[in-house]
Structures are given as C-alpha cells and as structure tokens.
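# Tertiary structure, described
Here is what each chain is made of, one letter per residue.
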Amino acid sequence: MNRELIIKVTNILKNYKICSICIGRLFYHPSFKNLIKFGKALKIEALKNLKEPVKSDRPCYLCNNTFIKFKKEIPSLISKIQAYEFDSIYTSIKVPKKLILHEDEIRVRFQISSGESIKQTFNRLFSNYIAKKLGKIAKSKDYHLMISFDAEKNQIELIPQNIYIYGRYIKSKKGLSQTRSYCYVCYGKGCSECDYTGYDKAPSVEGYILPHFTSAFQAQKSIFHAAGREDIDVLTLNEGRPFIVEVVRPIKRKVNLSELEKVVNTNSDGAVFVKNLIEVNRDAVKKMTVFTRYDEKTYVLLVEFEKEIGDDILFKIEKELTNRVIVQRTPTRVLHRRKDKYRYKMIYDVKAKKIDNNKAELHIRCQGGLYIKELAHGDNGRTNPNIAQIANTNVKVLSLNIISIAPDLEKKLEIIH
Ligand SMILES: [Zn+2]
Ligand SMILES: [Zn+2]
C-alpha cells in the first residue's frame, strides 16, 4: 500500500475518530473492488503508526456511525415494507448539515480531493445491503421504491416511484370538459360541499378516469396528462385521444390493466371509455406532448349554409382547402385567454358530402392546432381561406367531432400492445 497515503491517514486518525468506511471512501476509486475492505486495510496499516488512537468511545466524525444506525432501523423497515409491491429499490440518505461541514473541514485540512461523498457511498452501500436482505434488485435509476433515510432523525421513509399508464380515451357525450374544476367553496382543500374531494361535482373526462386509477394502485393521487384537449361540445371518437395517467406514490404496482379498463368503462355513464392501457416510462409524458402538438388530426364537421348549395360549391371547397396552408389569427372566442397571433396550419385533405340542400358533412384531415369552427365561419376574416368565404355565404357549425388523433403516436413512443 502507498506509503504517502498511509502517512496521510495516520495524520487524520491522530486527530479524529473516523470509521473504516469513511476512511475507505475518502480515498476510494471506482476501480477498487471493495470499498469496505480497502478502508479497513488502510485504517489498520495507519493505526500501526499510532501509539494510541483518539477518543475511541466517540462516533465517527464524518458519518456519526450512520451505517450502524441504519442497520438498527432495518427490522422496522422490513415490517413497514411488506405493504408495498416492488421489485427494485434505491436508498437515499439525507445527510445532516453538520456532517457536510465536518467533511469539508477534513478535506481542506488534509488536502483530499479524491474519493466519494458520504451520500454517494452510503446510498450505494445501503441499497445493496437492503436489496440483498429483501431479495430484490438495487438500482439507481427506474427503481420502484425509494428508501429515504434521515441520518439526523434516524427515520426511514418509503417513497414508491410514480407509475405512468398510457392509453386512449373516447368521449362520446357532449358537455363534458376534460379536466375537473376545483370546488368553488374550498378551492381544492376539501369541504362538505365537495365530499372532501376538493373538486366540483360536474362530470369531466379526468373525473371519470382518475379515481379508479388512484384506488386500484392504492396511490396518493393521480394526474392526467392528455395529448391536447377538445372543446366541451366536441366528441372524440374512433381511436380516441392519447393520454397518460401519472399514478403518484402507488402502494400496488401489479394492477391488471384490462380489469382497470373495465372498471372505468362500466362506471362512466357511457360518456367516457378508455382503451389500450399500458405502462410506459416517465419520458413518455414529454414525448407525447411534443409528438402530438402539431400532429395530424381528422375532424368531421357538420355545417349549415345560409343559402342552398350545389355540388359545384362542395367541390370548390374540397379543391381549395386540400393541401392548403391556412392563416389563422387567434380566434375571437379565445382572445381573452390567448395572445393574438398568426398561426399557419396545413390542411392535408378535405372530403365533402351533401346531407341536404343546405347542409354538408366535411372530413378534414389537418395539422394539429387548426381551429376548425373558425375555418367554417371565418371568424370575421381572421381565418383565411375559410369555408364561408369559398361558398360565398354564412356558415353555421352544427357539430364537430374528432375521429383521429396522432394515428402513429404508439409507433413513435415504441408502444407495442
Ligand atoms: Zn464514518
Ligand atoms: Zn370543497
């Protein structure tokens, strides 16, 4: 063993009581096989040079005997952990400020720039130790359960990592908003008016979905992430709209998703259906948002013209709107909450079908973010071109439904059912 290193360690131990783990980690390099063995050997060598070691009844100056304290908590940890479903763990320790200052002091005084921090070493040691005891896997990423150890209060907290479930929803009833609103009495705190849910009782898409996720996973709560939203009077049909439910701090992880699907679908008053539920990782939330923001959508628009229209007009609408860039200023109806700006959105194709003398159904496949109602009536010239202008008459929207949203999203997210 390196002579210089042993002298350095001897000098440290002349002045401070330090455990062999902390000696080991101060000079540790990841290429060493075993930090504890290395620390022990180093300490033994150094102690040979000392006539008497310092105040041996004191705890380690650098870690305050964290490993011993942690071990004492293990029986209670094992009994608490039984309630949780998990395959992998990670242990993270909260280091008291005092110990960080001690470490700085030693590192400056003895000019030590090598090794690992107390957190690095103990996180790894504890994770491996616990995993072995429980017969589970220790991981530093994508683990199921975090065991947080507060080394000051000697407290262990179990923090299950969130689960992300991807799916698509179909909204088949009008008048339903996507998100719940907070209770108007308590603004989310929970009161008798809202049965202590914190939310208004008006039904919503997430209101039909989330509570079933929270209860199936025995979670703290669930958060709804959707790929855009539809107006309250617009239906989302066919394959539906992509969404991800973030299940927060779930106790259960092995939930049968097709059962969960059934539970949601049979308790939603026929207004909302979910399908193709599958677990994804956390990155999928951001990816879904980015991939779908301007992704392809197909709408079915039913309009009424003020005048009778012939096939020639419908043909003209198809021709002029297919493969066309629409210039659209922020619609008047959303100006109070969105900045007034110009948007340029592509229509890929339009198919028109006559329903009667002054009614037509249009299938519009376009880039996401195009405002369809405004495309129909023109919004006083703020959308250009528009159907009213092409038909040279006023146009009223009778209904608008979405029949396809981001058809390739599953492929892009690499989701395989
Ligand atoms: Zn120590
Ligand atoms: Zn309330």
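See above for the structure.
Now for a description of the structure that goes with this document. (Residues numbered from 1 in each chain as written. Chains lettered and ligands numbered in written order. Predicted model: local features only at pLDDT ≥ 70, side-chain atom pairs only at ≥ 80, totals over all residues.)

### Regarding the overall build of the protein
Summing up its helical and strand segments, the protein has 13 helices and 14 strands in all. Against the compact-globule benchmark of 22 Å for 417 residues, the protein has a radius of gyration of 32 Å, which places it well outside the compact range. Per-residue burial for the protein yields a buried fraction of 32% across its 417 residues. (Helix = DSSP H or I, 4+ residues; strand = E, 2+ residues; numbered from the N terminus. Rg over C-alpha atoms; globule rule 2.2 N^0.38 Å. Buried ≥ 20, exposed ≤ 12 C-beta atoms within 10 Å, placed from the backbone.)

### Overview of the nonpolar core
It is characteristic of soluble globular proteins that their nonpolar side chains tend to be buried jointly. Ile209, Leu301 and Ile372 are the most contacted members of the largest nonpolar core, which totals 60 residues. Of the domains in this structure, domain 2 (163-293) and domain 3 (296-405) are the two that each give at least three residues to this core. Filtering out sequence-adjacent residues up to four positions away, isoleucine 209 remains in contact with Tyr169, Phe224, Val245, Val264, Val272 and Val274. Core analysis: the next-biggest nonpolar cluster, separate from the first, contains 34 residues, Ile12, Ile18, Leu62 and Ala151 among them. (Core = buried A, V, L, I, M, F, W, Y, C linked by C-beta atoms within 7 Å. Domains from an automatic or database assignment. Contact = placed C-beta atoms within 7 Å.)

### Digging into the pairing of strand β9 (residues 296-305)
Examined bridge by bridge, β9 and strand β12 (residues 359-367) share nine bridges and lie antiparallel to one another. Residue pairing across strands places threonine 298 opposite arginine 365, the latter belonging to β12. Pairing of β9 with strand β14 (residues 395-405) involves nine bridges; the strand directions are antiparallel. Bridge pairing in β14 places phenylalanine 305 opposite valine 395. (Pairing = 2+ DSSP bridges.)

### Observations regarding the sheet that holds strand β2 (residues 137-138)
Read across the sheet, four strands follow the order β2-β1-β3-β4 without closing on themselves; strand pairing throughout is mixed. Unpaired on one side and paired on the other, β2 and β4 (155-160) mark the two borders of the sheet. In terms of strand pairing, strand β1 (residues 88-94) meets β2 through two bridges, oriented parallel. Bridged to isoleucine 89 within β2 is alanine 138. Across the sheet, helix α4 (residues 66-81) lies against β1, β3 (145-150) and β4, angled at about 50° from β4, the strand it touches most. Strands in contact with helix α6 (residues 118-134) are β1, β2 and β3; relative to β1, the strand with the most contacts, it is inclined by about 145°. (Axes fitted to C-alpha atoms, helices over the stretch in contact; angles between N-to-C directions.)

### Here's the deal with helix α10 (residues 311-321)
Taken together, the buried positions of α10 are occupied by Ile313, Leu314, Ile317 and Leu321. In a view along the axis of α10, the buried residues occupy a sector of 100°, so they form one face of it. For α10, the exposed residues lying more than 90 degrees away from the buried face are Asp311, Asp312 and Phe315. Of the residues flanking the end of α10, it is asparagine 323, one or two places downstream, whose phi is positive at about 55°. (Arc of directions from axis to C-beta.)

### Side note on the environment of valine 205
Mapping valine 205 onto the fold places it in helix α7 (residues 205-216). The class of valine 205 is buried, set by 27 C-beta atoms lying within 10 Å. Valine 205 sits 120 residues away from valine 325 along the chain, and the two C-alpha atoms are 32 Å apart. With residues near it in sequence (within four places) discarded, valine 205 still touches Tyr169, Lys171, Leu176, Gln178 and Val272.

### Some words on the packing of α7 against helix α8 (residues 257-266)
Any two packed helices are characterised by how steeply their axes cross, that is the angle between the axes, and by the distance between the axes. In contact at an axis separation of 9 Å, α7 and α8 are set at 140° when each is read in the N-to-C sense. In this view, α7 runs oblique relative to α8, as classed from their interaxial angle. Note that α7 runs across α8; the crossing there is right-handed. Residues Tyr208, Ile209, His212 and Ala216 of α7 pack against Leu260, Val263 and Val264 of α8. Residue composition of the contact of α7 with α8, grouped by class: six nonpolar, one polar and no charged. (Parallel < 35°, antiparallel > 145°, perpendicular 65-115°, else oblique. Left-handed = near helix turned anticlockwise from the far one by under 90°. Nonpolar A, V, L, I, M, F, W, Y, C, P; charged D, E, K, R; others polar.)

### Structural notes on unusual backbone geometry
Comment: phi is negative for the bulk of residues other than glycine, and the bulk of peptide bonds are trans. Geometrically, the link from asparagine 384 to proline 385 is a cis peptide bond, its omega value of -10° lying close to zero. Tracing the chain through its elements places proline 385 in the loop between β13 (383-384) and α12 (387-391). Positive phi outside glycine occurs at glutamine 218, with the angle close to 45°. Take glutamine 218: it is sitting in the loop between α7 and β6 (221-226).

### A closer look at the environment of leucine 50
Residue placement: leucine 50 occurs in the loop between α3 (35-48) and α4. A sequence separation of 168 residues divides leucine 50 from glutamine 218, and the C-alpha atoms of the two residues are 57 Å apart. Beyond its immediate stretch of four places on either side in the chain, leucine 50 contacts Thr10, Leu13 and Lys14.

### What about the pairing of β14?
Sheet topology places strand β7 (residues 235-248) next to β14; two bridges connect them, and they run parallel. By the bridge assignment, leucine 235 is partnered in β14 with asparagine 401.

### Here we look at the packing of helix α1 (residues 3-15) against α3
The contact between α1 and α3 brings their axes to 8 Å, and the two run at 75°. The angle between α1 and α3 falls in the class roughly perpendicular. Listed contacts from α3 to Ile6, Val9, Thr10 and Leu13 of α1 are Leu42, Lys43, Glu45, Ala46 and Leu47. Looking at the contact of α1 with α3 residue by residue, the class counts come to six nonpolar, one polar and two charged.

### A look at the environment of valine 325
Within the secondary structure, valine 325 is located in strand β10 (residues 324-329). Owing to 12 C-beta atoms within 10 Å, valine 325 belongs among the exposed residues under this scheme. Placed 22 residues apart in sequence, valine 325 and isoleucine 347 show a C-alpha to C-alpha distance of 6.3 Å. Once residues lying within four places of it in the same chain are set aside, the contact partners of valine 325 are Tyr344 and Met346.

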